[in-house]
Amino acid sequence: MPVLEPNPPQPQRRLLTLFGLMMGVPALVAVVAIIAARMG
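Parameters and conventions
Residue indices follow the written sequence of each chain, beginning from 1 at its first position. For this predicted model, a pLDDT threshold of at least 70 governs which residues receive local features, and a threshold of 80 or more governs which side-chain atom pairs are given and counted, while totals over whole chains, interfaces and linings are taken from all residues. Side-chain calculation: all heavy atoms of the structure are included, whereas hydrogens and water are not. For the purposes of this entry, the term helix denotes a DSSP run of H or I that reaches at least four residues, the term strand denotes a run of E that reaches at least two, and both are numbered from the N terminus. Residue exposure ignores everything except the shown protein chains as possible cover, and the areas themselves are Shrake-Rupley values with a 1.4 Å probe. Multiplying 1.5 Å by the helix residue count minus one yields the expected span of that helix. UniProt positions are given in the numbering used here, feature names are shortened, and annotations may be inferred rather than shown by experiment. The patch calculation keeps residues exceeding 30% relative accessible area without a salt bridge and links them within 9 Å when they carry like charges or within 5 Å when they are nonpolar (Val, Leu, Ile, Met, Phe, Trp, Tyr). Here, a salt bridge means any Lys or Arg side-chain nitrogen found within 4 Å of an Asp or Glu carboxyl oxygen. To sort residues, take the accessible area from a 1.4 Å probe on protein chains only and compare it with the maximum for the residue type: under 20% means buried, over 50% means exposed, and anything in between is partly exposed.

## What about the overall build of the protein chain?
Within the protein chain one finds one helix and zero strands. Carbon and sulfur atoms provide 76% of the accessible area of the protein chain, an area that totals close to 3800 Å².

What follows is the structure, encoded as structure tokens:
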């Protein structure tokens, strides 16, 4: 079973979306915080 299928089944897709959000949101917050710190 490949790790990333082109069309994953629905539960797996929801899990991938949740995992992506868990990784993406803190990264986005970190980038905004770095930019705010640079601007003072």
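## Some details on helix H1 (residues 10-39)
For H1, with 30 residues, the first-to-last C-alpha span of 43 Å sits near the 44 Å given by 1.5 Å per residue. The first or second residue beyond H1 is Gly40, which carries a positive phi of 95 degrees.

## Brief notes about the UniProt feature "transmembrane region" (unreviewed entry) in the protein chain
The UniProt entry lists residues 15-37 under the feature "transmembrane region" (unreviewed entry), expressed in the numbering used here. A helix fraction of 100% and a strand fraction of 0% characterise residues 15-37, whose end C-alpha atoms lie 33 Å from each other.

## Let's talk about a nonpolar patch on the surface
Among the surface-exposed residues, Leu18, Phe19, Met22 and Met23 lie close enough to one another that they form a single nonpolar patch of about 440 Å² accessible area. As for its position among the elements, Met23 is in helix H1. Owing to a relative accessible area of 48%, Met23 belongs among the partly exposed residues under this scheme.

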